[in-house]
Structure formats: C-alpha cells, structure tokens
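An overview of the molecular structure
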Amino acid sequence: IETDITDEESDKLFSTVKEIIAEDKIDIIIFQDYNKGVITPKLIDMVVAEAKSSNIPIAVDPKKENFTSYKDVTLFKPNLKEFKDGLKIDLDHRNVDELRNEVNSFQSMQNIEMVLLTLSELGIYVSTDTTKEIVPAHFRDISDVSGAGDTVLSVAALSLSIGLSP
C-alpha cells in the first residue's frame, strides 16, 4: 500500500527545495505529479508560497489525487481524462463552449494563469487571460504515445521560463 510521505519528511524535502531556491538561479519549478505519495498538499502549498515570494513560475502536470491542491500556479497541464477525473465532471470536449466554460471556471477558482489542456488527436486547449483557443494537433503515425504529456509540459515550461507567449 502506497502512502503519502509524513509531515516530517515533507518538511525535510521542502527545506532542501528552499535551500536550492536560495542558492541557485531557478527559472521554473515543475511539479510532475504521479500520485506516488511524495507530492502532498502540504508540500505543494509550501513550495508554491516560496516560489511566489521568489518570483519563480510554477508548471504542473497533475494527477487526480492532488488535482485541486494546485492553486496560484503559473501553468497547469492536465490531459482531458485527468481534467474530467480531477473535477469529477463529464465533459463533451468537442463542444468548445462547454470546454471553455469548464476550464475558465476551474482556472478562476484555482487562480491559475495558464491552462494547457491536452485533447489527444484534437490538439491542446490553451486558456490564458488573452487566449482561449484550441491549437490543432499535427497528425503523425505514432506507435507509442507514452510520455507525450511529459513532453508537452517540458516544452511549455521551457517556453514559459524564457518568456515566450502561449
């Protein structure tokens, strides 16, 4: 049975993160959450507060367990299944108005600057203060899509850290 790390372990991990932020130039912090028990709501809150006070953007690839624990982050990149599971909603992602309304509501509730919702073969729904659009996918013959979401987050985080627009 997998369990979350203890508060003491979370504090030790945060202490290390805080030291790294103080000693090094950090361009962005990425939460790659796999629901393995290391990333807890307490750790999320502490790291987000520290990053905010140091003006470091935060990018998140969430999973269901901590989905709504990510507040005040810069970039939030779930896939469609994670979005639906995390919010316990049934969403017709082909209905752009419904998609826009659900993302806008969540984004506002969580105070998130940018949501990139990956929609498999339909592309990525981008939601910021100024942009609400689907960027279509470029079709390729791919035999294994493992890691596609990780790649999207990595490229988006890099782009964000160097100041590129969505």
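Let me begin by describing the structure that accompanies this report. (Residues numbered from 1 in each chain as written. Predicted model: local features only at pLDDT ≥ 70, side-chain atom pairs only at ≥ 80, totals over all residues. Heavy atoms only, no water.)

What follows is about the sheet that holds strand 1 (residues 29–32). Sheet strands pair by backbone hydrogen bonding; their relative direction is either parallel or antiparallel. Read from one edge of the open sheet, six strands run 1-2-3-4-5-6, paired in mixed fashion. Bordering the open sheet on either side are strand 1 and strand 6 (132–135), each of which pairs with just one other strand. Pairing geometry for strand 3 (residues 75–76) and strand 4 (residues 114–118), over two bridges, is parallel. Its bridge partner lying in strand 4, Leu75 is registered against Met114. (Pairing = 2+ DSSP bridges. Helix = DSSP H or I, 4+ residues; strand = E, 2+ residues; numbered from the N terminus.)

We now examine the environment of Pro136. Along the chain, the position of Pro136 falls in the loop between strand 6 and helix 5 (148–161). On the basis of relative accessibility, which here comes to 55%, the residue Pro136 falls in the exposed class. The spatial distance from the C-alpha of Pro136 to the C-alpha of Gly123 is 4.3 Å, given a sequence separation of 13 residues. Among all residues touching Pro136, those that are not within four sequence positions of it are Leu122 and Gly123. (Buried < 20%, exposed > 50% of the residue type's maximum accessible area, 1.4 Å probe, protein only. Contact = heavy atoms within 4.5 Å.)

Turning our eyes to something else, we now look at the side chain of His93. By the element assignment, His93 lies in the loop between helix 3 (80–87) and helix 4 (96–110). Dropping the residues within four chain positions of it, His93 is found in contact with Leu80, Leu99, Leu119 and Leu122.

Once that is clear, we can look at the nonpolar core. Counting residues in hydrophobic clusters, the biggest one holds 28 residues, and the most contacted among them are Phe31, Tyr70, Val73, Phe76 and Leu117. Take this core: its biggest share by element is five residues, from helix 2 (residues 41–53). Beyond its immediate stretch of four places on either side in the chain, Leu117 contacts Pro78, Asn79, Leu80, Phe83, Leu99, Val103, Gly123, Ile124 and Tyr125. (Core = buried A, V, L, I, M, F, W, Y, C linked by side-chain atoms within 4.5 Å.)

This brings us to the environment of Ile112. When you line up the elements, Ile112 lands in the loop between helix 4 and strand 4. Since its relative accessible area comes to 6%, Ile112 is described here as buried. Once the C-alpha coordinates of Ile112 and Glu133 are considered, the two residues, 21 residues apart in sequence, prove to be 17 Å apart. When near neighbours in sequence (up to four residues on either side) are disregarded, Ile112 contacts Tyr70, Val73, Thr74, Phe76, Phe106 and Gln107.

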